[in-house]
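Letter by letter, the chains look like this.
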Amino acid sequence: MAFRCQRDSYAREFTTTVVSCSPAELQTEGSNGKKEVLSGFHVVLEDTLLFPEGGGQPDDHGTINDISVLRVTRRGAQADHFTQTPLTPGTEVQVRVDWERRFDHMQQHSGQHLITAVADHLFGLKTTSWELGRLRSVIELDSPSVTAEQVAAIEQSVNEKIRDRLPVYVRELSLDDPGVEQVRGRGLPDDHAGPIRVVTIKSVDSNMCCGTHVSNLSDLQVIKILGSEKGKKNKTNVTFLAGNRVLKWMEKSHSTEKALTALLKCGAEDHVEAVKKLQNSSKLLQKNNLNLLRDLAVHIAHSLRNSPDWGGVVTLHRKEGDSEFMNIIANEIGSEETLLFLTVGEEKGAGLFLLAGPAEAVETLAPRVAEVLEGKGAGKKGRFQGKATKMSRRAEVQALLRDYVSTQSAEE
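Residues numbered from 1 in each chain as written. Predicted model: local features only at pLDDT ≥ 70, side-chain atom pairs only at ≥ 80, totals over all residues. Heavy atoms only, no water.

- The name an unreviewed UniProt entry assigns to the chain is Alanyl-tRNA editing protein Aarsd1, from the organism Balaenoptera musculus.
- Taken directly from UniProt, the Cofactor (unreviewed entry) text for the chain runs: "Zn(2+)". (UniProt positions renumbered as here; feature names shortened; annotations may be inferred.)

1. Some remarks on the packing of helix α2 (residues 99-123) against helix α3 (residues 148-163)
Part 1 of the argument: At their nearest, the axes of α2 and α3 sit 9 Å apart, and the two run at 125° to each other. It follows that α2 is oblique to α3 by the angle criterion. Here the hand of the crossing between α2 and α3 comes out right-handed. The segment α2 lies against α3, with L114, I115, V118, A119, L122 and F123 engaging Q150, A153, I154, S157, V158, K161 and I162.
Part 2 of the argument: By residue class, the composition of the contact of α2 with α3 is 10 nonpolar, 2 polar and 1 charged. (Axes fitted to C-alpha atoms, helices over the stretch in contact; angles between N-to-C directions. Helix = DSSP H or I, 4+ residues; strand = E, 2+ residues; numbered from the N terminus. Parallel < 35°, antiparallel > 145°, perpendicular 65-115°, else oblique. Left-handed = near helix turned anticlockwise from the far one by under 90°. Contact = heavy atoms within 4.5 Å. Nonpolar A, V, L, I, M, F, W, Y, C, P; charged D, E, K, R; others polar.)

2. A few points about the UniProt feature "coiled-coil region" (unreviewed entry) in the chain
Part 1 of the argument: Summarizing the sequence annotation, UniProt attributes the feature "coiled-coil region" (unreviewed entry) to residues 268-295 in the numbering used throughout.
Part 2 of the argument: Summarising residues 268-295: 89% helix, 0% strand, and an end-to-end C-alpha distance of 41 Å.

3. Side note on the pairing of strand β7 (residues 92-97)
Part 1 of the argument: Residues V93, V95 and V97 point to one face of β7 and are all buried, whereas E92, Q94 and R96, pointing to the other face, are not buried.
Part 2 of the argument: Two elements, strand β1 (residues 13-29) and β7, share 5 bridges in a ladder whose sense is antiparallel. Its bridge partner lying in β7, T17 is registered against E92.
Part 3 of the argument: Note that strand β3 (residues 62-64) and β7 share 3 bridges and pair antiparallel. Within the sheet, the bridge partner assigned to T63 lies in β7 and is R96. (Buried < 20%, exposed > 50% of the residue type's maximum accessible area, 1.4 Å probe, protein only. Pairing = 2+ DSSP bridges.)

4. Here's the deal with the pattern of salt bridges
Part 1 of the argument: Applying the stated criterion across every chain, the model contains 17 salt bridges.
Part 2 of the argument: Residue E320 is joined to R318 by a salt bridge in which the shortest nitrogen-to-oxygen separation is 3.5 Å.
Part 3 of the argument: Relative accessible area serves as the criterion here: at 25%, R318 is assigned to the partly exposed category.
Part 4 of the argument: Each of the salt bridges in this network shares a partner with another, and the network as a whole consists of E13, D66 and R96. (Salt bridge = Lys/Arg side-chain N within 4 Å of Asp/Glu carboxyl O.)

5. Section: the sheet that holds β3
Part 1 of the argument: Spatially, the 7 strands line up as an open sheet ordered β4-β3-β7-β1-β2-β6-β5, and their pairing is antiparallel. The open sheet has two free edges, formed respectively by β4 (67-69) and β5 (71-75), since each of these has just one partner strand. Strand-to-strand twist in this sheet, taken as the mean axis angle between neighbours without regard to direction, amounts to 35°.

6. Observations regarding the sheet that holds strand β9 (residues 137-141)
Part 1 of the argument: The 4 strands are arranged β8-β9-β14-β13 in an open sheet whose pairing can be described as antiparallel. Two strands lie at the open edges of the sheet, namely β8 (127-132) and β13 (223-230), each paired on one side alone. Averaged over all pairs of adjacent strands, the angle between strand axes in this sheet comes to 20°, irrespective of strand direction.
Part 2 of the argument: Relative to β9, β8 runs antiparallel, the two being bridged by 5 bridges. Residue pairing for β9: L132 is matched across the bridge by S137.
Part 3 of the argument: In this fold helix α4 (residues 244-264) packs onto β8, β9, β13 and β14 (236-242), with an angle of close to 90° to the strand it touches most, β14.

7. As for a negative patch on the surface
Part 1 of the argument: Taken together, the side chains of E257, E269, D270 and E273 present a region of like negative charge at the surface.
Part 2 of the argument: By the secondary structure assignment, E257 is in helix α4.
Part 3 of the argument: In this structure E257 comes out as partly exposed when scored by relative accessible area, which is 36%. (Patch = residues over 30% accessible without salt bridge, like charges linked within 9 Å, V, L, I, M, F, W, Y side chains within 5 Å. Areas by Shrake-Rupley, 256 points an atom, 1.4 Å probe, with all protein chains shown as cover. Lys, Arg positive; Asp, Glu negative; His and termini not counted. Charge placed at Lys NZ, Arg CZ, Asp CG, Glu CD.)

8. Brief notes about the packing of aromatic side chains
Part 1 of the argument: For the coordinates displayed, the defined rule picks out 3 aromatic pairs.
Part 2 of the argument: Each ring, one from Y10 and one from W99, has its centre 6.2 Å from the other, and the planes form 40°; the classification is tilted. Taken together, the residues span a long stretch of sequence, with Y10 in the loop between α1 (4-7) and β1 and W99 in helix α2 at a distance of 89 residues.
Part 3 of the argument: A relative accessible area of 28% means that Y10 is categorised as partly exposed.
Part 4 of the argument: The class for W99 is buried, based on a relative accessible area of 18%.
Part 5 of the argument: Consider the rings of W99 and F103, whose centres lie 5.5 Å apart with planes at 25°: the pair is stacked. Remark: F103 and W99 occur in helix α2; sequence separation between them is 4 residues, near one turn of the helix. One exposure class covers both W99 and F103, and it is buried.
Part 6 of the argument: An aromatic cluster is present here, built from Y10, W99 and F103 joined pairwise through their rings. (Phe/Tyr/Trp six-rings, centres within 6.5 Å; stacked < 30°, edge-to-face > 60°.)

Here it is in C-alpha cells:
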C-alpha cells in the first residue's frame, strides 16, 4: 500500500494513529561539521504524510502533534519517524508536513522525470542516476559528453511541455501486469513488496517511482538547465533548477548584478570587460609588488648582516611577505654561524616562519619551534620553514633560541 504522501502529494496535514514507538539513535552532522549521535525514538504510524527518503528524493520534514520529526526512513512497507519525544501506541495524532520543502521536492523530482524523458526522446541520452540537492539537482546521463546545443534543445522542449499544462498521474500495477514491461525504471528495491507505483506524464513518460510529484506540469512553472560537465566513468552530469528555485536563483543573480553595477560603475553588459581590466591591472600590481618585495628582502639582508647586533640569534618579523621573501633574506645572509628566525603574517594570528643556521642546531631546534608556534613544517641542510597558527608566541621562540646559543657557548 502506498503512503498518504504518495496517494496525495498535495495534502498538508491529516490524522492517523501511532502503531509503535521504540528507542532509536540518529547520526547527524553538528554545526561544527562533526558527526553527532542523537538519542530518540522510531515512531511508526498507521499511515504517514511524511515521505521517507528514497528514489533519489530526500525525506520530508514535519511534525507529529507539534513534535518535530528529524528523519523519515523506509523499512519494508512501513516508515520510521525519528523524534526525540516518545509517542504512545494507540494515540490519535495530527501529522503536518513542511509544505515549502515538500513542494520544492515535488517540483525538482517531476522536473527530473521530464528532463530525463526529453533527453532520451530527443538524443537517446539515458539517465543512470540523479541527486536532488539542497540548492540544485544533478542528472547523470550515460554519455561521455553533451553539447551546448543539446542542452538548449532539451531546455526548450521541457518548457514547451510545461506551457502545454500536461497532466501527471499515478497508478499502481501488479508485478505480473503486462504493462510493467512498457514502464521505464532502474529496478526495484530488494525489500519491495506490493504493487508497482508508476508515475506518468501524459504522452511523454511512464516511470516506476516512489516519490512525490506535481499533478500537472504547469506546477513546475519553469525549468532552467544550468549546464553540463564531465562526470565519472564516461558519464555527463547535467545540473538544473525547477520552479521556485529558478525564481530564487534569478533574484540572487539580480542582486549580484546590481551590486557589481555599483562597484564597477558600468552596466551589466560591460561587467565582464570591466573585470578583465581589473584582473590585468591586479596582475601588473602583483608583479611590481613582488619585485619590490624582493629588492626589500635583499636590502634587509644586508642591513642585518652589517648590524652591530649581528651574531648569536637574529630575528625579524614583517606583516607583509611570503616564503620567497624569507628565503631571499636567508640566501643573501648565507651565514652558518648565526641562528636566523624570520616570520611573516599577523602579529598575533597565523603566518609563516623560517629557521636557518648551523645544520645541527636547526635540526635540534626546529621541532620545538614548530611546537611553540603551534605549526608544522619541513626542511633540510640548515633550513626549516612552515606554517604557524600562534605568531603571538614568537618571543618564546626567541628565548628558546638564545638559551640554546648560550648553552652551546658555555659548553665550548
